[in-house]
Every structure is written in structure tokens, then in C-alpha cells.
Amino acid sequence: MALIIRHPDVEDYIVEMSLPDVVSRGGVADLVETGHIVILKDFRLQFDFGALRQLSRSLDDIADPQLRRHVKKLEAPQFFEQAPSWRKPAFRDPLRQTLLDTLCRGDRKLFKRTAAALRYAHDEALRIFAAAFPSYEAYRLVPSVRITRTLFENLHWDDHSIDDDFHQARVFANLDERPRIWHVSHRVPTIMRKLYEEHDLGRFAGRDPNELLNYINGEVLGGMHKTWMDTQPRHRIAFDPGEVWLGESRLISHQIYYGEAALVYMWFVRAASMADPANRFNAVVEEVHRSMSEQGNAAAAE
Ligand SMILES: [Fe+2]
């Protein structure tokens, strides 16, 4: 079970629920859409941790900066969709060739073992998505795996730099034998209300919500300049090896404190298929603007 230390000054939005319970209540779209983290209770991926452990995880050995970026944002199918041939080079695709040459040090057996491990995790992620969000119509999947160490991120809300009014669903899993440690703090509506007057957040009304997130991430929470200088209270969660959880990382502020390897799958979902389309991120932000400006007008009229 995940070790969770809840902070009394942050709303308790962490739910632990078994996969059979998720299925019997018809999924958890309503919970995730309203900013809950759902941790799958008593569930562990039977993942081959040893495969990833043997990979060379230092990306410094990859000379080409673009390839290095792609490996950092690796997508699981890049490992398992194509097997290496015995010809040289084994792949036409330079990214796959780099996975073989550098991460697997030319070891085809290790490549195939990693491919099998990631194929299993991929299939499980798809199965969990279908169980958790049975009504969702997804039109795109970004099936990322993180195989490099993450330490001491600054607190932030995810900004995908996409101003489309889309909904996302995410499945996360710890693919390492050590805990993956997250700190999580307020959700977007709460922090907006807290900061609204002092930081004049009304100026972001009607604009791309990423601008608002950028401002809060950078100017209020310190961004890359004043890392770890913010004073927001946090819950702390240590996810077990193979543990799986669901959450909307634009609604929930988070920081990865420590982690070695993870699956981070993101589906773009048609808003009409949500439990409630009014829960989509852009609409939630606009609703806070609307209610805060109403409150401001009422105060001015008094
Ligand atoms: Fe993030």
C-alpha cells in the first residue's frame, strides 16, 4: 500500500479503491474529473523491474541532443513495436537504434526483455483505462515511460502548452523497485481563490489557462529560479513498486520528490464523453474567474 501522510491544511482528495470496486461503481471518471487521485488498492503490476534495472540509464552517452530528448520522453511502443533485426544497423529508425546501442549496450536479448516488460505494462495500462473510464472516447494516446531519475521537482501544475479546450485522463505506474515519492498540494480552484485578489488573477480571465498556470508556477511557486522556496502545505505519498494511480495533473499541484522509472500514459478525451463536460480543465478555470468576479462585484456594491 502506498504510504500517505496527509496534511490537514490541504483537502483530502486521495482515494484508495480496488480495481473490482472501480469496475463495480462504473469507473472513477467522476472522481478524477473533480480532482481526486485514485490509487488502485491491493493492485501491483507484475512488472519485470530487472529489465529496466539493467539498462544504461545515463543519457550523457547519447551525443545527439534531439535523440537524448526523445529517450527522455520515451514512448513504450518504441521499444516493443519492432524487434531488432540481425542486420546492421538493426533498425532504420535512429531512436530505436539508440535504444539498442546505448541503453541496451547492443544486447538484443536485453532489448527483447525490456520490450516484453513494457508491452505487458502497456496492455495493463490500457485495461485499467478501460475499467476506470468506460465512457471515455479517447482520440489520442501519449504512452510515455520515464526511465531517468527524477529528484526534487518544484511544485507545479502541468502545463501542456496546448491551448485547446481538451480533457485528459492519466494513468501512472511506478516501474521501479523503490518507492516513487510525490508531494501534492492544492488543486487549481483552491489556489486560484487563495491568490485571486493579491495577484490580480482576474487579468487571466478569458485567456489560455496555461498563461495562468505559468504565472503561478513561475512567479508564485518559484519555478526554476526559486526552487523549493514556496510555502504551500503538502500531502506526501510514497507509491510502492508496481503501484498504479490515476489523476489529472493540471488540476492537482504536484512535485516528484524522487523516482527512478514510471509509466505516464495520457489520453486525450472527447469532452462530450466525460462524466460531466463542465469538469474539463478550461471550464473549471473559467468558473473560478466567473465566481470570483461575481464576488468582487458584490463586495464593491456593498
Ligand atoms: Fe508534472
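Nothing here was measured: the structure is a model prediction, and the numbers come from that model. Position numbers for residues count from 1 along each chain, tracking the sequence in the order it is written. Residue-level local features of this predicted model are given only where pLDDT is at least 70; pairs of side-chain atoms are given and counted only at 80 or more, and the full residue set underlies all totals for whole chains, interfaces and linings.

## Looking at the packing of helix α8 (residues 188-195) against helix α10 (residues 281-301)
Between two packed helices, what matters for the description is the angle formed by their axes and the separation of those axes.
Thinking step 1. Axes here mean lines fitted to C-alpha atoms, for a helix over just the part in contact, with angles spanning 0 to 180 degrees between N-to-C directions. Only DSSP runs of H or I covering at least 4 residues are called helices, and only runs of E covering at least 2 are called strands; the numbering of each starts at the N terminus. Where α8 contacts α10, the axes come no closer than 10 Å and their chain directions differ by 30°. Considering the angle they form, α8 stands roughly parallel to α10. Classified by chirality, the crossing of α10 by α8 is right-handed. The residues of α10 that touch α8, namely those facing Val188, Pro189, Met192 and Arg193, are Val284, Val285, Val288 and Met292.
Thinking step 2. Its residues placed into classes, the contact of α8 with α10 shows seven nonpolar, no polar and one charged. Roughly parallel here means an angle under 35 degrees, roughly antiparallel means over 145, roughly perpendicular means 65 to 115, and every remaining angle is called oblique. Crossings are classed by handedness, with left-handed meaning an anticlockwise turn of the near helix from the far one by less than a right angle and right-handed meaning a clockwise turn. By definition, residues are in contact whenever their C-beta atoms, placed on the basis of the backbone, come within 7 Å of each other. Three residue categories are used. Nonpolar comprises Ala, Val, Leu, Ile, Met, Phe, Trp, Tyr, Cys and Pro, charged comprises Asp, Glu, Lys and Arg, and polar comprises the others, including Gly.

## Remarks on unusual backbone geometry
Thinking step 1. At the junction of Lys88 and Pro89, the peptide bond is cis and its omega measures out at -5° in the coordinates.
Thinking step 2. Relative to the elements of secondary structure, Pro89 occurs in the loop between α5 (77-80) and α6 (94-103).
Thinking step 3. We note that Arg105 has phi near 50°; this positive angle belongs to a residue other than glycine.
Thinking step 4. Structurally, Arg105 is set in the loop between α6 and α7 (108-132).
Thinking step 5. In this structure Arg105 comes out as partly exposed when scored by C-beta crowding, with 13 C-beta atoms within 10 Å.
Thinking step 6. A positive phi angle is found at Phe152, which is not glycine, with a value near 55°.
Thinking step 7. If you trace the backbone, Phe152 turns up in the loop between β5 (150-151) and β6 (167-174). Three classes are used. A residue is buried when 20 or more other C-beta atoms lie within 10 Å of its own, exposed when 12 or fewer do, and partly exposed in between, with C-beta atoms placed from the backbone.

## As for the sheet that holds strand β10 (residues 252-259)
Thinking step 1. Strand order in this open sheet of five strands is β1-β8-β7-β10-β5, and the pairing throughout is antiparallel. Single-partner strands in this sheet number two, and they are β1 (3-5) and β5.
Thinking step 2. Strand pairing is assigned whenever DSSP identifies at least 2 bridges connecting the two strands. Bridge count for β1 against strand β8 (residues 235-239) is three bridges, and the pairing is antiparallel. In the sheet register, Ile4 faces β8, and the bridge partner there is Ile237.
Thinking step 3. On the sheet, α8 packs against β7 (180-187) and β10 and is oriented at approximately 50° with respect to β7.

Treat this as a map of the structure, not an account of what it does.
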